[in-house]
Amino acid sequence: MDATRSDTLPARLDALQRRIRHSCEAAGRDPAAVTLLAVSKTRQAAEIRALAALGVTDIGENYLQEALSKQDALADLPLTWHFIGPIQSNKTRDIATRFDWVHSVDRDKVARRLNDQRPGHLPPLNVCLQINIDDEDSKSGMALEAVPALAAQIQALPNLRLRGLMTIPRADAADGNRAAFRVLAMTLSQLRHTIASLDTLSMGMSDDFEVAIAEGATLIRLGTALFGPRPAKH
Ligand SMILES: *Cc1c(COP(=O)(O)O)cnc(C)c1O
């Protein structure tokens, strides 16, 4: 494989890491404070294995069945698995058992089920609340106004560890989603008055991660920019 070609995984990763570093420098931030989450929906286990060999070990999946088979195929690797898709409440057991993080908690019922189903031998499940920041009917996620109450409820659940907030802003905002990211960051800093341990702003995807880093993202979720265009949607 010729890593100098721009369409190889090592070359794409290298270019992305350079862009991440530049964004951090421009914002006066430490690049070590921004985690790259590789979003591997529709991608083969072999592609994740190749990425892990390059040092990327945080893996995000949207669809449970697809994720479980890749987890089985990659069980020998020290990967950190993040569930980032919509959660049906009848699917919480596998999520609670097989993942390290869940970014898409948006209601009390799901939080309680994840807590009750988290196996006792595992550390608490890391949780972000997904916010529907642009109030779009098509998106899952909760309203900003409801965040303090759900955050307080999750604080009382011993098998969950509330880490922060996640959002997927609209795809066509003229400001590159800067305003949406800023609102999420402000919401997290307000919540930190009561829950000081919150440390995660999961925001920014292939088309807007540089803006997200400027606005304080600590975890950016990259699919297309890392793996190339996704095959047809399933
Ligand atoms: C697919 C997906 C991503 C990655 O999107 P890209 O634009 O391909 O980088 C990030 N977050 C979530 C929740 C996704 O579903």
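This structure is a prediction, so every number in the text was calculated from the model and none was measured. (Residues numbered from 1 in each chain as written. Predicted model: local features only at pLDDT ≥ 70, side-chain atom pairs only at ≥ 80, totals over all residues. Heavy atoms only, no water.)

K.L.:
Help me get a handle on the nonpolar core, residues and values and all.
P.N.:
Ranked by internal contacts, the top residues of the largest apolar core, which has 63 residues, are Val105, Leu129 and Ile154. Ranked by the residues each element gives to this core, the list is headed by helix α7 (residues 178–191), at six residues. (Core = buried A, V, L, I, M, F, W, Y, C linked by side-chain atoms within 4.5 Å. Buried < 20%, exposed > 50% of the residue type's maximum accessible area, 1.4 Å probe, protein only. Helix = DSSP H or I, 4+ residues; strand = E, 2+ residues; numbered from the N terminus.)

K.L.:
Account for the pairing of strand β6 (residues 160–167), with residues named and values stated.
P.N.:
Both faces of the sheet carry side chains from a regular strand, because those side chains alternate between them. For β6, the buried fraction is high: seven of the eight residues fall into the buried class. In terms of strand pairing, strand β5 (residues 125–131) meets β6 through seven bridges, oriented parallel. Paired with Leu125 across the strands is Leu160, a residue of β6. Between the parallel elements β6 and strand β7 (residues 200–202), the chain passes through α7 in a crossover that is right-handed. (Pairing = 2+ DSSP bridges. Right-handed = clockwise from strand over helix to strand, strands pointing away.)

K.L.:
Account for the site of the ligand, naming residues and giving values.
P.N.:
Around the ligand lies a shell of 13 residues, among which Lys41, Asn62, Ser206, Thr224 and Arg230 are the nearest. A distance of 2.5 Å separates an oxygen atom of the ligand from a polar atom in the side chain of Ser206. Between the ligand and Gly223, the relevant distance is 2.8 Å, taken from an oxygen atom to a main-chain nitrogen or oxygen of the residue. Judged by its atoms lying within 2 Å of the grid points, the ligand is housed in the largest pocket. Taken together, the residues of the shell around the ligand break down into six nonpolar, four polar and three charged. (Near = heavy atom within 4 Å. Polar contact = N/O pair within 3.5 Å; in protein donor to acceptor, adjacent residues only side chain to side chain. 1 Å grid on protein atoms, 1.4 Å probe; cavity = no way out; pocket = protein on both sides within 12 Å on 5 of 7 lines; lining within 4 Å. Sits in = over half its atoms within 2 Å of the grid points. Nonpolar A, V, L, I, M, F, W, Y, C, P; charged D, E, K, R; others polar.)

K.L.:
Go over the UniProt feature "domain: Alanine racemase N-terminal" (unreviewed entry) in the protein with me, naming the residues and quoting the values.
P.N.:
Here, the residues flagged by UniProt with the feature "domain: Alanine racemase N-terminal" (unreviewed entry) are residues 13–231. Annotated as residues 13–231, this span is 38% helix and 18% strand, and its ends, taken at the C-alpha atoms, are 19 Å apart. (UniProt positions renumbered as here; feature names shortened; annotations may be inferred.)

K.L.:
Please provide a residue-by-residue account of the pattern of salt bridges, values included.
P.N.:
What the rule picks out here adds up to 14 salt bridges. Between Lys70 and Glu61 there is a salt bridge whose closest N-O contact spans 2.8 Å. Assigned by exposure class, Lys70 and Glu61 land together as buried. Residues joined in a network through salt bridges with shared partners are Glu61, Glu66 and Lys70. (Salt bridge = Lys/Arg side-chain N within 4 Å of Asp/Glu carboxyl O.)

K.L.:
Tell me about the environment of Asp175, and name the residues and values.
P.N.:
Among the structural elements, Asp175 can be located in the loop between β6 and α7. On the accessibility criterion, Asp175 (36% relative accessible area) is partly exposed. Along the backbone, Asp175 and Ala232 are 57 residues apart, and their C-alpha atoms lie at a distance of 29 Å.

K.L.:
Describe the layout of surface pockets, with residues and values.
P.N.:
Computed from the structure, the largest pocket encloses a volume of approximately 670 Å³. For the lining of the largest pocket, a count of residues per class yields ten nonpolar, ten polar and eight charged. Lining the second largest pocket are 13 residues; nearest its centre among them are Leu79, Trp81, Arg98, Phe99 and Asp100. Here the residues of the lining of the second largest pocket are counted per class, giving eight nonpolar, two polar and three charged. (Points joined across faces, edges and corners; volume = space filled by probe spheres on them.)

K.L.:
So what's going on with the packing of aromatic side chains? Which residues, and what values?
P.N.:
With the rule as written, the count across this model stands at one aromatic pair. Seen from their ring centres, Phe83 and Phe99 are 5.3 Å apart, and the 80° between their planes marks the pair as edge-to-face. Of this pair, Phe83 sits in strand β3 (residues 80–83) while Phe99 is found in the loop between α4 (92–98) and β4 (101–105), placing the two residues 16 residues apart along the sequence. What makes Phe83 buried here is its relative accessible area of 2%. Phe99 sits in the buried class, given a relative accessible area of 1%. (Phe/Tyr/Trp six-rings, centres within 6.5 Å; stacked < 30°, edge-to-face > 60°.)

K.L.:
For helix α3 (residues 64–73), give the residues involved together with the corresponding values.
P.N.:
Along α3, the positions that sit buried rather than exposed are Leu64, Glu66, Ala67, Leu68, Lys70 and Gln71. Looking at the buried side of α3, the elements it contacts are α2 (45–53), β2 (58–61), β3 and α4. (Contact = heavy atoms within 4.5 Å.)

K.L.:
Any details on the UniProt feature "modified residue: N6-(pyridoxal phosphate)lysine" (unreviewed entry) in the protein? Residues and values, ideally.
P.N.:
Per the UniProt record, the feature "modified residue: N6-(pyridoxal phosphate)lysine" (unreviewed entry) sits at Lys41. In this structure, Lys41 sits in the loop between β1 (35–39) and α2. Leave out the neighbours within four places in its chain, and Lys41 touches Gly60, Glu61, Asn62, Tyr63, Glu66, Lys70 and Arg230.

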